[in-house]
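These are the residues of each chain, in order.
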Amino acid sequence: IKSINPLSKLNREIYNYVSKKQEEINELKKMETFRREFLADVSHELKTPIFAAQGFVHTLMDGAIEDPDVAQRFLKKAAKSLDGLDILVRDLVVLTQVESGDLKMHLALINLIEIVNEIFEQLETKAKKRGTKLSLKPKSLEKVLVLADPQRISQVLINLIENAIKYGKENGKVQVAITEEDKKVWVSIEDDGPGIPQDQLPRIFERFYRVDKSRSRETGGTGLGLAIVKHILNAHDSSISVSSKIDKGTRFTFHLAKAPKEIA
Ligand code: ADP
């Protein structure tokens, strides 16, 4: 019988202990880098609307307020910057909650068709402004029950449909298509806009990533919409995929759990 060398056993234990600690240190370092980058990104994004509002207010104080037309114009611009700041902070709160897993999903049986129609109504003014035609396919569907958090899934649909209106072409079409399978319901949101270059597709779900920076800022985009969508869908055991063709359009697809037959 071979005797166990006590020294080699001790060595092995020390080795295992050190590797485990090394792994923990690496994990902490990764989290620290993430935290630092996140703070740097957030400060940078906050600066833009704050500097803009500050600029307008100071110009007003320096005399522009004397001219009622100029004053009106600058006040409107300052207000727009502050509204943007408000949206950014709200999105940041949601993103930090969903990223940290703190956000509890309240699953319920919901009628997806009802939700899509409500969102179409909500976005009607924005769509009209760009001449966008919103449609749901198939038209005949009245009830598709899924198991999901109604508020969060509305947020996902709003972000995707609003993006399709914002970044799609003027007088274009945005179509939401719903396909039922045995256990899943597939949802796709498709536009016929300018599309997204292939090499940028994997990056659009990163926080603050924008393909067309000026268009995004001009439309009040925070660069957080798709990051929020990705995390909400992950919390639903789903994921989002995107396909796009330049000058043809973009399609986002995800699935949700279909309500069991006995309930539906
Ligand atoms: P934003 O607040 O800038 O809209 P998002 O995270 O929602 O941020 O989207 C990230 C970027 O992806 C946008 O800035 C835009 O450049 C691009 N994008 C999103 N949806 C579409 C679309 N349907 N067509 C073309 N580009 C899109």
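Every chain begins its residue count from 1, and numbering advances along the sequence as written. In keeping with the predicted nature of the model, local features appear solely for residues at pLDDT of at least 70, side-chain atom pairs appear and are counted solely at 80 or more, and the whole-chain, interface and lining totals rest on all residues. To obtain the side-chain values, all non-hydrogen atoms of the structure were used and water was disregarded.

## Points about the overall build of the chain
Part 1: In terms of regular secondary structure, the chain is built from 7 helices and 7 strands.
Part 2: Listed by position from the N terminus, the elements making up the chain come as α-α-β-α-α-β-β-α-β-β-α-α-β-β.
Part 3: Judged by the C-alpha coordinates and their principal axes, the chain covers about 95 × 60 × 35 Å.
Part 4: Only protein chains enter the accessibility calculation, which uses a 1.4 Å probe; a residue whose area is less than 20% of its type maximum is buried, one above 50% is exposed, and one in between is partly exposed. When each of the 264 residues of the chain is scored for burial, the buried share is 38%.
Part 5: Any two residues whose heavy atoms approach within 4.5 Å at even a single point are treated as in contact. Contacts in the chain between residues at least 24 apart in sequence constitute 73% of all its contacts with a sequence separation of at least 6.
Part 6: Split by element, the accessible area of the chain, about 16,900 Å² in all, is 55% carbon and sulfur.
Part 7: Just so you know, the count uses Lys and Arg for positive and Asp and Glu for negative, and it drops His and the chain ends. Every charge is mapped to an atom, namely NZ of Lys, CZ of Arg, CG of Asp or CD of Glu. Each charge class in the chain can be summarised by its mean position, and for the 42 positive and 38 negative side chains these summaries are 5 Å apart. Going along the chain from the N terminus, every DSSP run of H or I of four or more residues is numbered as a helix, and every run of E of two or more is numbered as a strand. Accessible surface area values rest on a Shrake-Rupley calculation with a 1.4 Å probe, where residue burial reflects the displayed protein chains alone.

## Remarks on the pairing of strand 4 (residues 173-180)
Part 1: Any two strands are treated as partners once DSSP identifies two or more bridges connecting them. In this sheet, strand 4 lies alongside strand 2 (residues 133-137) in parallel orientation, the contact comprising 5 bridges. Within strand 4, the position partnered with L136 by the bridge is V176.
Part 2: Summarising the sheet, strand 4 and strand 5 (residues 184-191) pair through 7 bridges and their orientation is antiparallel. Across the sheet, residue I178 finds its bridge partner in strand 5, namely V187.
Part 3: What sits between the antiparallel neighbours strand 4 and strand 5 is a turn of 3 residues.

## Looking at the site of the ligand
Part 1: Around the ligand, 20 residues are found, and the nearest of them are Y167, D191, S216, T222 and G223.
Part 2: The term polar contact refers here to a pair of N or O atoms within 3.5 Å; inside protein, the definition further demands a hydrogen-donor-capable atom paired with an acceptor-capable atom, and it admits residues adjacent in sequence only when both atoms are side-chain atoms. For the ligand, an oxygen atom lies 2.6 Å from a polar atom in the side chain of Y167.
Part 3: A distance of 3.0 Å separates an oxygen atom of the ligand from a polar atom in the backbone of V211.
Part 4: Those elements giving two or more residues to the shell around the ligand turn out to be helix 5 (150-167), helix 7 (225-235) and strand 7 (249-258).
Part 5: With 4 residues, helix 5 is the single largest residue contributor to the shell around the ligand. By convention in this text, a residue qualifies as near a molecule or strand provided that one of its non-hydrogen atoms is within 4 Å of it.

## A word on the packing of aromatic side chains
Part 1: A pair of aromatic rings is counted whenever rings of Phe, Tyr or Trp (Trp by its six-membered ring) have centres within 6.5 Å, and the orientation is called stacked for planes under 30 degrees apart, edge-to-face for over 60 and tilted otherwise. Inspection of the entire model under this criterion finds 3 aromatic pairs.
Part 2: Taking the centre distance of 6.2 Å and the plane angle of 5° together, the rings of F34 and F38 count as stacked. Of this pair, F34 and F38 are both found in helix 1 (residues 6-61), 4 residues apart, which corresponds to roughly one turn of the helix.
Part 3: A relative accessible area of 14% means that F38 is categorised as buried.
Part 4: Ring geometry for F56 and F74: centres 5.6 Å apart, planes at 70°, overall edge-to-face. Placement of F56 in helix 1 and of F74 in helix 2 (residues 68-100) is noted, with a sequence separation of 18 residues between them.

## Re the packing of helix 5 against helix 7
Part 1: Axes here refer to lines fitted to C-alpha atoms; in helices the fit is confined to the stretch in contact. Angles between the N-to-C directions go from 0 to 180 degrees. In the contact formed by helix 5 and helix 7, the axes pass within 9 Å of each other and the chain directions differ by 145°. Crossing angle aside, the handedness with which helix 5 passes helix 7 is left-handed. Side by side, helix 5 and helix 7 meet where R152, I153, Q155, V156, N159, L160 and N163 of the first sit next to G225, L226, I228, V229, I232 and L233 of the second.
Part 2: Only Asp, Glu, Lys and Arg are considered charged in this grouping, and only Ala, Val, Leu, Ile, Met, Phe, Trp, Tyr, Cys and Pro are considered nonpolar; every other residue, Gly among them, is considered polar. Tallied by class, residues from the contact of helix 5 with helix 7 come to 8 nonpolar, 4 polar and 1 charged. Here a crossing is called left-handed whenever its near helix is offset anticlockwise from the far helix by less than a right angle, and right-handed whenever the offset is clockwise.

## Some remarks on the pattern of salt bridges
Part 1: Here, a salt bridge means any side-chain nitrogen of Lys or Arg that lies within 4 Å of a carboxyl oxygen of Asp or Glu. Using the criterion set out here, one finds 14 salt bridges in the structure.
Part 2: Ionic pairing is found between K9 and E13, a salt bridge with its closest N-O pair at 3.9 Å. Here K9 pairs with E13, and both are found in helix 1, just 4 residues apart, close to one helical turn.
Part 3: Judged by its relative accessible area of 40%, K9 falls in the partly exposed class.
Part 4: Here the residues in one salt-bridge network are E32, R35 and R36, joined through shared partners.

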